[in-house]
Amino acid sequence: MLDEPQEQAEGSLTVYVISEHSSLLPQDMMSYIGPKRTAVVRGIMHREAFNIIGRRIVQVAQAMSLTEDVLAAALADHLPEDKWSAEKRRPLKSSLGYEITFSLLNPDPKSHDVHWDIEGAVRRYVQPFLNALSAAGNFSVDSQILYYAMLGVNPRFDSASSSYYLDMHSLPHVINPVESRLGSSAASLYPVLNFLLYVPELAHSPLYIQDKDGAPVATNAFHSPRWGGIMVYNVDSKTYNASVLPVRVEVDMVRVMEVFLAQLRLLFGIAQPQVPPKCLLSGPTSEGLMTWELDRLLWARSVENLATATTTLTSLAQLLGKISNIVIKDDVASEVYKAVAAVQKSAEELASGHLASAFVASQEAVTSSELAFFDPSLLHLLYFPDDQKFDCLFFCPISQHSTLVH
Amino acid sequence: MAAAMPLALLVLLLLGPGGWCLAEPPRDSLREELVITPLPSGDVAATFQFRTRWDSELQREGDTDHYFLRYAVLPREVVCTENLTPWKKLLPCSSKAGLSVLLKADRLFHTSYHSQAVHIRPVCRNARCTSISWELRQTLSVVFDAFITGQGKKDWSLFRMFSRTLTEPCPLASESRVYVDITTYNQDNETLEVHPPPTTTYQDVILGTRKTYAIYDLLDTAMINNSRNLNIQLKWKRPPENEAPPVPFLHAQRYVSGYGLQKGELSTLLYNTHPYRAFPVLLLDTVPWYLRLYVHTLTITSKGKENKPSYIHYQPAQDRLQPHLLEMLIQLPANSVTKVSIQFERALLKWTEYTPDPNHGFYVSPSVLSALVPSMVAAKPVDWEESPLFNSLFPVSDGSNYFVRLYTEPLLVNLPTPDFSMPYNVICLTCTVVAVCYGSFYNLLTRTFHIEEPRTGGLAKRLANLIRRARGVPPL
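Quick caveat: nothing in here was measured; it's all calculated off a predicted structure.

## Details of the domain arrangement of chain B
Residues and elements named next belong to chain B. The domains assigned to chain B are domain 1 (29-58 + 70-236) and domain 2 (250-379 + 392-413). Each of domain 1 and domain 2 has a C-alpha centre, and the two are 31 Å apart. Between domain 1 and domain 2, the contact holds 12 residues from the first and 16 residues from the second. Carbon and sulfur atoms supply 67% of the area buried between domain 1 and domain 2, which totals about 1200 Å² over both sides. When the buried area of domain 1 at its contact with domain 2 is split by residue, Y71, P75 and R76 rank highest and sum to 36% of it.

Laid out in structure tokens, this is it:
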């Protein structure tokens, strides 16, 4: 709708106030939130004009930037469990980078010869999204095809629709048997997000996932917090007409990527914003991410990083108090100083609103504090036996006769 | 965990130019093979080979520069089920169909010999090598002992060896075959009978000798349909003759000699038993840094005379960073023994680097010998796609010799280990000596004498004075 005049700095927001009768906004809408850190608010001619306009601006700003629930989500791990809901624990913890794996599970290669153009789909749909998110960390994407990988649960038959279904309570048991074959967590430095596309076997086709009311889920997919998502792709029964097995199946990547990208947004913690009443939210962008959503993510991540770094340093200090045998070498000490300096810098930058440098400083703080805490040289003298410390007092009984001078 | 919410879509997907193109990436091709070789002693050897080839271009920055080649070895690591499981996960139809159904850990590790390998390498797609594909080969070799696994009987079958039979081929494999070595028993069916009778046989020159194999093809529907499963049985009609197997043309031995914990000598014996042909051997030695080799003592003798290698590459060790690397090309004369020996000194390690008390010692990795051994029978050149996998692991362009890579045995050496109770002993002894000496001298130097009145008073008074003296209070 509106053309963006210039590039905005991260963490900043520009609000334009237009006249009451302007036709830029539709007649009944009071405000508009754009995709790139700009918003438009309709002015008003009234005695309390400043207050009313001020309230509208505050509502818009709260929708687009840091609010209390963003902070709550960031600190969810450090707060007692009963205070905040399970929703807060869905997104992944902050890390320097992430690895995303797309897997195609074909449990029945005798019946289905499945082909998917994953490279093209990643290039067209996933890579632009990850490029937009690149400020939040390094991303790497890979894919694999697994054969004879079954789900751990036997689906039940529903004679009314003559299809098979997995109900909501059996979904938690699906992931474990498959996870051992994914092979992802063994060989990667960063946390892994797994997206699985399951083509059910001929004996259990078609397969639907039922929600708690017993109705099939529209997208036939579900996700697991901090782990990834699973989508069930049913082969169209018309393709079996030729009845020569195996049947060639071409996966429709558009349908699949719609679901996976939405799950990816949820798993990163990019939640639906609280849109104020009578506000028009701009349509989706081609990357799938609005710039101010990235800002909210960076704020949450910076706060989370600061909390983690301070917790780690505090634990190290408490440990030093309890165990006297810990060795602190010079390089460990310099890491601790670096971590403290980075925490202070990040806090200052956050207070002054420079989001990009605050985020970078918070990542440095986490890295330095973890380097200091997990350094193996801390434990070099941990098992120094106490009896060997007191060997030097061995001469005491013998020298008694010489110390008593008479 | 929540089911995916109905998507009030925030995502607008842009269709790329050309819609969704159905340009299909080339499919990987999988071939699998099992070779069963009955041995004259009654044992049976089984070798699995799985080959996956894919044609996608992996990222390579330029050609392989030799400066970026790495060699690493971990001597004396015992292979067990934890090594087999991730190895099996690399197979597409792992344990569910095809030949990999036979890979059960409890049978495979109940053998007298077990070896597993993974090879990844680029192969040329055509004769001029303008494009390459990548090949992943997995091999597993086991030898079943007649007395331990076979319980004294020398008849073998797939069920007795693996406690499984073959039921269906892997749907992803383009080839799935079992080969049985029937070389010595081909002419007469009276020594060894193979059941079910094979439909085809395959003859070729393998490792320099002519061999015949019976083929069972799992993709041939007639093979399995009749009985739903395939259990290949080997029955001995006559007991096998106990003739010694022919000595291979190249074999080697390695040992450490010397006495004491300061010096020693490392010797490798290379045997060339070919009656009239000499051939060169490439010997690669990696010796850990704590055996300090003296390269000026390197001697190579064949038949009593000195043998100068045509190529030597030596990279000295750096303490705690890298081991010694010694690579030589040695010409072995016909029908001879060549001895390569080098002296070394054992190093003293830092006190945290010693292994805990109950240890064997330190292991030295085996040396690797690579050679092109002349064969008795000339072989025809190998066509990659047509020949079985066991023939194409190390193909050679001319059939007059074959490639062999040998590993000698790993060695065990003892390093001079200090006595770790000495710090405690020293503290005790020194403190005692110092206390006694110092105490005596101090007493001698500072003792003063004073006159004491003759003591009057009885026993009680004397006891009381004793106590008062001990307390440091002036006596009564």
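## A closer look at the confidence of the model for chain B
Residue and element names in this part refer to chain B. Summing up the model confidence of chain B, the mean pLDDT is 83 and the portion of residues at 70 or higher is 87%. Per-element mean pLDDT across chain B ranges from 36 in strand β1 (residues 2-3) up to 96 in strand β19 (residues 336-346). This stretch, residues 1-26, has a pLDDT under 50; its non-local contacts, to residues over four places away or in other chains, come to 47 contacts.

## Focus on the UniProt feature "transmembrane region" (unreviewed entry) in chain B
Those residues carrying the UniProt feature "transmembrane region" (unreviewed entry) are residues 424-445 of chain B in this numbering. Taken end to end, residues 424-445 of chain B has its terminal C-alpha atoms 31 Å apart, with 100% of it in helix and 0% in strand.

## Examining the pattern of salt bridges
All chains considered together, the criterion is met by 14 salt bridges over all chains. The salt bridge partner of E168 of chain B is K110 of chain A, with a shortest N-O separation of 3.0 Å. Residue E168 of chain B is located in the loop between α3 (158-162) and β7 (173-181), and its partner K110 of chain A is located in the loop between β4 (97-106) and β5 (112-115); the two belong to separate chains. Its salt-bridge partner being R248 of chain A, residue E250 of chain A comes within 2.7 Å of it at the nearest N-O pair. Salt bridges sharing common partners tie together R31, E175, R177 and D217 of chain B.

## Observations regarding helix α5 (residues 253-267) of chain A
Residue and element names in this part refer to chain A. Between the first and last C-alpha of α5 there are 20 Å, a value that for 15 residues agrees with the 21 Å anticipated at 1.5 Å per step. Burial analysis of α5 places 12 of its 15 residues in the buried class, which makes it a mostly covered element. Positive phi shows up at G269, right after α5, with a value of about 90 degrees.

## Overview of the domain arrangement of chain A
By the assigned domains, chain A splits into domain 1 (12-62), domain 2 (95-266) and domain 3 (289-389). The centre of domain 1 of chain A, based on its C-alpha atoms, is set 43 Å off from the matching centre of domain 2 of chain A.

## Some thoughts on the sheet that holds strand β3 (residues 44-54) of chain B
Residues and elements named next belong to chain B. Read from one edge to the other, the open sheet built from seven strands follows the order β4-β5-β3-β2-β7-β10-β9, with strand pairing classed as mixed. Looking along the sheet, the strands with just one partner apiece sit at the ends: β4 (113-124) and β9 (200-206). Across the sheet, the mean angle from the axis of one strand to that of its neighbour is 20 degrees, orientation sign disregarded. Two elements, strand β2 (residues 29-38) and β7, share seven bridges in a ladder whose sense is parallel. Paired with I36 across the bridge in β7 is V180. Where helix α1 (residues 81-89) meets the sheet, its contacts fall on β3, β4 and β5 (132-144), and the angle it forms with β4 comes to roughly 30 degrees.

## Observations concerning the sheet that holds strand β8 (residues 192-195) of chain B
Backbone-to-backbone hydrogen bonds pair the strands of a sheet. The strands run either parallel or antiparallel. All names here are of chain B. Taken in spatial order, the three strands line up as β6-β11-β8 in an open sheet, and their pairing is antiparallel. The sheet is open, and its two edges are formed by β6 (156-157) and β8, each paired on a single side. Where β8 lies against strand β11 (residues 233-236), four bridges are found, and the strand directions are antiparallel. Bridge pairing in β11 links V194 to L234.

## A few points about the nonpolar core
Counting residues in each nonpolar core, the largest one holds 47 residues, and the members touching the most others are F102, L133, L197 and M257 of chain A. Residue assignment for this core shows that the elements contributing at least two residues are β4, α3 (118-132), β9 (192-198), β13 (247-250), α5, α6 (291-322) and α8 (355-373) of chain A. If you tally residues by element for this core, the top one is α5 of chain A, at nine residues. Mapping this core onto the domain boundaries places at least three of its residues in each of domain 2 (95-266) and domain 3 (289-389) of chain A. The residues contacting F102 of chain A, other than those within four sequence positions of it, are W116, I118, V122, V126, V141, D142, S143, Q144, F195, M257 and F260 of chain A. Of all hydrophobic cores here, the second largest spans 36 residues; its members include V44, A46, F50 and A105 of chain B.

## Observations concerning the environment of F359 of chain A
Residues and elements named next belong to chain A. By the secondary structure assignment, F359 is in helix α8. The exposure class assigned to F359 is buried, which follows from its relative accessible area of 3%. For the pair formed by F359 and V303, sequence separation is 56 residues and the distance between their alpha carbons is 8.7 Å. Among residues more than four places away in sequence, those in contact with F359 are A135, A136, L298, R301, S302 and N305.

Here is what the cut-offs are and how they apply
Residues numbered from 1 in each chain as written. Chains lettered and ligands numbered in written order. Predicted model: local features only at pLDDT ≥ 70, side-chain atom pairs only at ≥ 80, totals over all residues. Heavy atoms only, no water. Domains from an automatic or database assignment. Contact = heavy atoms within 4.5 Å. Buried area = accessible area lost by both parts, 1.4 Å probe. pLDDT = per-residue confidence, 0-100. Helix = DSSP H or I, 4+ residues; strand = E, 2+ residues; numbered from the N terminus. UniProt positions renumbered as here; feature names shortened; annotations may be inferred. Salt bridge = Lys/Arg side-chain N within 4 Å of Asp/Glu carboxyl O. Expected span 1.5 Å × (residues − 1). Buried < 20%, exposed > 50% of the residue type's maximum accessible area, 1.4 Å probe, protein only. Pairing = 2+ DSSP bridges. Axes fitted to C-alpha atoms, helices over the stretch in contact; angles between N-to-C directions. Core = buried A, V, L, I, M, F, W, Y, C linked by side-chain atoms within 4.5 Å.

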